[in-house]
Amino acid sequence: MTELINAFAPISLEQMSSVKLMNRIDTKFVTNQQKLCRLLDMAQQEYFVQEIDGRCDLEYDTTYFDTTAFDMYSAHQHGYANRQKIRFRTYCISDLQFMEVKTKNNHGRTKKKRIEVEDMNLMDEEKRAFLERHLRYDVDTLQPALNNHFSRITLVNKGMTERVTIDSQLCFENLQNGKRLDMGNMVIIELKRNGLVYSPILEMLRRLRIHPHGFSKYCMGSALTCENRLPVNRFKSKLIEVRKLINQQ
């Protein structure tokens, strides 16, 4: 994996500033480490790899909040197109933390609003004001629900119209019951682009038979670690596929 990543031309955060994609279309794919290696080999001529302080594989730590009734999980589980999530994301290499609200509309577009924070205390006036502007749920009903930790590689196409994030070494911890789960060999690829612009990696994914696969880290992590409490009907087929990937060597 390291040799494959080192074969990409690097791109810095400053050079990536035009590819923020805060209002975008996201497409996710789920695969394994073996197919990822083949994909990286195919993509070297079309993409840059993001590099920060000499590193390309960056650690992320994320804590999701939900209401005490798990309304955000339920909206996704019931298939509602217009839905929201709130999370605190920490970039481990810099120790920067952001509170983010992601809103997906019924046209498939995702908008993200965020502010830099120092902690996850929701009693803070600045956080409450931000959430009251951007979140449809009552701040006083929110509680920490799920933590995840993963390693991310980010590719940027040479046309500077899209980003591809590749997440591996994913671990979940349910913050309500304490259950932890290592996702093993599983890899989550997410294509993020402004509209339906041409994407070089889409053809590569098709050739490798890696197909679009809706995967919400929050919802799937919650379903896998708390099946007895949360409804999983709509996720059953995905859960079966994910368990197969987890168990692959």
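Criteria and cut-off values
- Residues numbered from 1 in each chain as written.
- Predicted model: local features only at pLDDT ≥ 70, side-chain atom pairs only at ≥ 80, totals over all residues.
- Heavy atoms only, no water.
- Helix = DSSP H or I, 4+ residues; strand = E, 2+ residues; numbered from the N terminus.
- Buried < 20%, exposed > 50% of the residue type's maximum accessible area, 1.4 Å probe, protein only.
- Pairing = 2+ DSSP bridges.
- Salt bridge = Lys/Arg side-chain N within 4 Å of Asp/Glu carboxyl O.
- Axes fitted to C-alpha atoms, helices over the stretch in contact; angles between N-to-C directions.
- Parallel < 35°, antiparallel > 145°, perpendicular 65-115°, else oblique.
- Left-handed = near helix turned anticlockwise from the far one by under 90°.
- Contact = heavy atoms within 4.5 Å.
- Nonpolar A, V, L, I, M, F, W, Y, C, P; charged D, E, K, R; others polar.
- Polar contact = N/O pair within 3.5 Å; in protein donor to acceptor, adjacent residues only side chain to side chain.

S.K.: Summarise unusual backbone geometry; cite the residues concerned and give the values.
M.R.: Of note, the phi angle at Met160 is positive, near 60°, even though the residue is not glycine. Tracing the sequence through the fold places Met160 in the loop between strand S8 (142–157) and strand S9 (162–174). A residue is classified by how much of its surface remains accessible, and Met160, at 25% relative accessible area, is partly exposed. Of note in this structure, Gln169 is not a glycine but carries a positive phi near 55°. Tracing the chain through its elements places Gln169 in strand S9.

S.K.: I'd like to hear about the pairing of strand S3 (residues 47–50), residue by residue, with values.
M.R.: The sheet contact formed by strand S1 (residues 9–11) and S3 spans 3 bridges and is parallel. Following the sheet pairing, Ile11 is matched in S3 by Gln50.

S.K.: Describe the pattern of salt bridges, with residues and values.
M.R.: Per the counting criterion, the structure on display carries 11 salt bridges. The residue Arg180 makes a salt bridge to Glu173 at a minimum N-O spacing of 3.1 Å. Linking Arg206 and Glu203 is a salt bridge whose minimum nitrogen-to-oxygen distance equals 3.6 Å. One end of the pair, Arg206, and the other, Glu203, are both in helix H5 (residues 200–207), 3 residues apart, so they sit about a helical turn from each other. The class of Arg206 is exposed, set by a relative accessible area of 53%. Exposure remark for Glu203: the relative accessible area of 39% places this residue in the partly exposed category. Among the ionic contacts, a cluster of salt bridges with common partners joins Arg87, Glu100 and Arg114.

S.K.: Now, about the packing of helix H2 (residues 33–43) against H5: what can you tell me, with residues and values included?
M.R.: Interhelical geometry of H2 versus H5 gives an angle of 140° and a closest axis separation of 10 Å. The orientation of H2 relative to H5 falls into the category oblique. Viewed along their axes, H2 and H5 form a crossing whose handedness is right-handed. Residues Leu39, Met42 and Ala43 of H2 touch H5, and the partners they reach there are Ile201, Met204, Leu205 and Arg207. Considered class by class, the residues forming the contact of H2 with H5 number 6 nonpolar, no polar and 1 charged.

S.K.: Break down the environment of His213 for me, citing the residues and quoting the values.
M.R.: Looking at where His213 falls in the secondary structure, it is placed in the loop between H5 and helix H6 (217–225). His213 sits in the buried class, given a relative accessible area of 12%. Sequence separation between His213 and Val242 is 29 residues, and the spatial gap between their C-alpha atoms is 10 Å. At 3.0 Å, the side chain of His213 forms a polar contact with the side chain of Glu241.

S.K.: A description of the environment of Glu46 should follow, citing residues and the corresponding values.
M.R.: Tracing the backbone shows Glu46 in the loop between H2 and S3. C-alpha of Glu46 to C-alpha of Val117: the two residues are 71 residues apart in sequence and 36 Å apart in space. Apart from the residues lying within four places of it in its own chain, the contact partners of Glu46 are Val156, Asn157, Lys158, Pro200 and Met204.

S.K.: Before we move on, can you summarise the packing of H6 against helix H7 (residues 236–247) with the specific residues and values?
M.R.: The packing of two helices is summarised by the inter-axis angle and the distance between the axes. Relative orientation of the contacting elements H6 and H7 amounts to 80°, with a least axis distance of 11 Å. Comparing their axes, H7 and H6 come out roughly perpendicular. Residue-level contacts link Met220, Ala223 and Leu224 of H6 to Lys238, Leu239, Val242 and Arg243 of H7. When grouped by side-chain class, the residues that make up the contact of H6 with H7 number 5 nonpolar, no polar and 2 charged.

S.K.: Break down the pairing of S8 for me, citing the residues and quoting the values.
M.R.: Counting buried positions along S8 gives 14 out of 16 residues, so the element sits mostly inside the fold. Bridge count between S3 and S8: 3 bridges; the pairing is antiparallel. The partner of Val49 across the bridge, within S8, is Leu155. Inspection of the sheet shows strand S4 (residues 58–67) paired to S8 by 10 bridges, in the antiparallel sense. From the neighbouring strand, Asp61 faces S8, where its bridge partner is His149. Inspection of the sheet shows S8 paired to S9 by 10 bridges, in the antiparallel sense. Residue pairing across strands places Leu155 opposite Val164, the latter belonging to S9.

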